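Notes for the structure review
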Amino acid sequence: MKPTLFNNKLFQFFWIFIIFIAISNSCYNVRQITNSDIINEANERTIIIHSDHSELTPFELKNPSIADLKLTGYYEPDFSTSPKANKGTSKSNKRKVINVYADFVEGSPINNQITIPLDNIIKAEVKDLKVGSTLLLTGAAITATILLVSALKDDDPAPPPPPSNESPQSCPFIYVNNGTTYDFIGEIYAGATAPELERHDYLYLPSFAPIDGKYNIKMTNELMEVQYTNLVELYVIDHQKTDNIIVDKYGKAYNCKNLQAPISATSENGRSILNEILYNDDYNYVNDIFSDTLPKNAIYLTFDRPANSNNAKLVVIGKNTIWLDYIFKDFIAHFGKKYAKWEKKRRPNSTAALLEWMHDQGVLLSASIKTNTGWQAIDYFNVTGSTAEKKDVLSIDLTNINSTKIEIKLETGFLFWELNYISMDFSDDVELQKIVVKPESVTDLNNSDLSSSLLWDDDKYLIQPELNSEAYISFQAPEIQEGYERSIFLHGKGHYRIISNSDGKPDISFLKRFKEPGALMEHSRNTFNEFYQHLNN
């Protein structure tokens, strides 16, 4: 019998864990507290500060105190929302935190001292376990354990490490040098799995300080793929402390310092998801996995439109799910030993045709706006990868929208994206001055000079063909303007090729389905349903 996705024991454990998390997330109430209660609650909880107007956040506030109508403490630089960034370090339990949301945070990582005027605090909230939920959580944990043991307990020997072709796929991982180690930040050109999909990408590098006058990054290949990077450079933008700089997928920088929350946000089945996307925090929206019946997931957002506003900037913080990685890998596995042939066969397709397929399959996060004649497509957010969240922005022309309310629809495939934060800025665009910094040196693990391969958008590439390939890239840091803060973005361009070790004959009847729009998200929905039923039989 041909192996299926469900025979993968690691995969079974992964989804038992996901179901347990889904149950546990429903067992908590969010409770707002007063500013004066923050210190009392901090005796048993960790304070995490969030602010859209500070590059430091989110961060842990150590030794907190309140005096002279100010919340003070010390910046804890080890805290990060990126799981990989915290690999090997201690991280606060998300369930035992006080999330404090502030308009403005005074301080810097230089002396680690933080001051927040109390009147700048928007709200403070904690999660409390619902009455009776301890039993539910315990039962869920026991059930998950029993299911896992049952899944692993058979006459077969212990399962070997998962084959490389079952690992989630991605693109170059980017790390920044903090003086002692390299901190993981995110990925560039995710989803560009063919030369025709090669694209420019812009990755924000938070809290990136020069070391001896140099900005140093590391670019790695940590998965079974061959990576082709054509260009790497820095966009350096100096600005006022209250500015919030975001670079879109076209390379344009926006100052989104007047972000406005939606007045409503609902899922496809009408459930309010406002609490999940209102702040950049621990609460993310994925899907209502047990109630969403459609393969395409849509959310609906409404914003109050300020008078005389003719443009808007839609800001989203989110990432792709690990589930999308697994679904795409399952799709590839059905090609068997013919995957390489299919990969070559699709290359004559135009970039537009390949992007249209990704859009039709729900891989991209598509945005539409409601007009007098119905929903009108605006644009889409590119694939981000599943390792780290990314802040992105789409510019929207409102000149033909007559309503005082702006209604936005975001659509993607079932369980393909998780969204942390959504807002909109209606301020006029301003021209931002950026400094483009080319690499000063590029070396690999053998100390070979590879600088010429990344300088320009040309036919030269830095190729990382092997697992654990590393490139070390150094940039000369420009002098910062006095009294200004600095935002730095990595501008990269490239593509990658997935290496599949699948063998056997291709499943032609299965693969033919994916010529039709929506087939991949239909497969995602059906696969989840089948697996959930498989666990309950």
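Residue positions are given per chain, counting from 1 as you read along its sequence in written order. For a predicted model such as this one, the threshold for reporting local features is a pLDDT of at least 70, and the threshold for listing and counting side-chain atom pairs is 80 or more; totals across whole chains, interfaces and linings nevertheless cover every residue. No hydrogens and no water enter the side-chain calculation; it runs on all heavy atoms of the structure.

Turning next to the sheet that holds strand E19 (residues 311–320). Should DSSP find at least two bridges between two strands, the strands are taken to pair. Numbering of helices and strands runs from the N terminus, with a helix taken as a DSSP run of H or I at least four residues long and a strand as a DSSP run of E at least two residues long. Taken together, the four strands give an open sheet; going across it, the order is E16-E24-E19-E22, and neighbouring strands pair in antiparallel fashion. The sheet is open, and its two borders are formed by strand E16 (259–260) and strand E22 (390–397), each paired with just one other strand. With eight bridges joining them, E19 and strand E24 (residues 417–425) adopt antiparallel strand pairing. By the bridge assignment for E24, Val316 is matched with Ile422.

Along its 17 residues, helix H9 (residues 519–535) runs 24 Å from first to last C-alpha, staying within 8% of the 24 Å computed at 1.5 Å per residue. Among the residues making up H9, those that are buried are Ala519, Leu520, Met521, His523, Ser524, Arg525, Thr527, Phe528, Phe531 and Leu535. A helix's residues, less one, multiplied by 1.5 Å, set its expected span. Relative accessibility thresholds used throughout: buried, under 20% of the residue-type maximum; exposed, over 50%; partly exposed, between the two (1.4 Å probe, protein chains only).

Right, let's get into the packing of helix H5 (residues 322–333) against H9. Running from amino to carboxyl end, H5 crosses H9 at an angle of 105 degrees, the nearest separation of the two axes being 11 Å. As judged from the angle between their axes, H5 and H9 are roughly perpendicular. Here Trp323, Ile327, Asp330 and Phe331 of H5 come into contact with H9, specifically with Leu520, His523, Ser524, Thr527 and Phe528. Residues that form the contact of H5 with H9 fall into these classes: five nonpolar, three polar and one charged. Angles run from 0 to 180 degrees between N-to-C directions of axes, and those axes are lines fitted to C-alpha atoms, restricted for helices to the stretch in contact. We call two directions roughly parallel when the angle between them is under 35 degrees, roughly antiparallel when it is over 145, roughly perpendicular when it lies between 65 and 115, and oblique otherwise. Any two residues having at least one pair of non-hydrogen atoms within 4.5 Å are treated as being in contact. Three classes are used: nonpolar for Ala, Val, Leu, Ile, Met, Phe, Trp, Tyr, Cys and Pro, charged for Asp, Glu, Lys and Arg, and polar for all others, with Gly counted as polar.

Moving on to the sheet that holds strand E9 (residues 173–177). Taken together, the five strands give an open sheet; going across it, the order is E10-E9-E12-E28-E26, and neighbouring strands pair in antiparallel fashion. Edge positions in the sheet fall to strand E10 (182–187) and strand E26 (441–444), since each has one partner strand and no second. Each adjacent strand pair in this sheet contributes to an overall mean axis angle of 25 degrees, direction not counted.

Attention now goes to the pairing of strand E23 (residues 405–413). Taking burial as the measure, the nine residues of E23 include seven buried ones, the bulk of the element. Across nine bridges, strand E18 (residues 296–304) lies against E23 in antiparallel orientation. When the sheet's bridge partners are listed, Ala298 is paired in E23 with Glu411. Relative to E23, strand E20 (residues 365–371) runs antiparallel, the two sharing four bridges. If you follow Ile369 over to E23, its bridge partner there is Ile408.

Here we come to the nonpolar core. Ranked by size, the top nonpolar core spans 85 residues in total, and within it Leu205, Leu314, Ile408, Leu410 and Ile422 carry the most contacts. Counting residues per element, this core draws most heavily on H5, at six residues. In this description, a nonpolar core means a group of buried Ala, Val, Leu, Ile, Met, Phe, Trp, Tyr and Cys residues linked to one another through side-chain atoms lying within 4.5 Å. Of all hydrophobic cores here, the second largest spans 19 residues; its members include Ile47, Val100, Leu118 and Ile121.

It is worth spelling out a positive patch on the surface at this point. There is a patch of like positive charges on the surface, built from Lys337, Lys338, Lys341, Lys345, Lys505, Lys512 and Lys515. Checked against the element boundaries, Lys505 lands in the loop between strand E29 (485–498) and helix H8 (508–512). Note on patches: the residues involved have over 30% relative accessible area and no salt bridge, like charges join within 9 Å, and the nonpolar side chains Val, Leu, Ile, Met, Phe, Trp and Tyr join within 5 Å. Only the protein chains shown count as covering a residue, and every accessible area follows the Shrake-Rupley method with a 1.4 Å probe. Salt bridges, as used here, are contacts in which a Lys or Arg side-chain nitrogen is within 4 Å of a carboxyl oxygen on Asp or Glu. Charged-residue counts in this description rest on Lys and Arg as positive and Asp and Glu as negative, His and the chain ends being excluded. Lysine's charge is taken at NZ, arginine's at CZ, aspartate's at CG and glutamate's at CD.

Right, let's talk about the confidence of the model for the protein chain for a bit. A score from 0 to 100, pLDDT tells how confident the predictor is in each residue. Looking at the protein chain as a whole, its pLDDT mean stands at 84, while 80% of the residues score no less than 70. Counting contacts from residues 148–168, a segment whose pLDDT is below 50, to residues more than four positions away or on other chains yields 24 contacts.

Another aspect to go through is the packing of aromatic side chains. Pairs were defined over the aromatic rings of Phe, Tyr and Trp, the Trp ring being its six-membered one, requiring ring centres within 6.5 Å. Orientation was assigned from the angle between planes: stacked under 30 degrees, edge-to-face over 60, tilted for the rest. Per the stated rule, a full pass over the model turns up 20 aromatic pairs. Their ring planes at 80 degrees and their centres at 6.3 Å tell us that Trp323 and Phe528 sit as a pair that is edge-to-face. In this pair, Trp323 sits in helix H5 while Phe528 sits in helix H9, placing the two residues 205 residues apart along the sequence. Both residues of the pair, Trp323 and Phe528, count as buried. Consider the rings of Phe331 and Phe335, whose centres lie 5.4 Å apart with planes at 85 degrees: the pair is edge-to-face. An aromatic cluster of three or more residues is present, and its members are Phe328, Phe331, Phe335, Tyr339, Trp342, Trp357, Phe510 and Phe514. Lys218 extends its terminal NZ or CZ atom over the ring of Tyr175, reaching a point 4.8 Å from the ring centre. Between the NZ or CZ atom of Lys249 and the centre of the ring of Tyr380, over which it lies, the distance is 3.2 Å. A ring is considered to have a charge above it if a Lys NZ or an Arg CZ atom is located within 6 Å of its centre and within 35 degrees of its normal.

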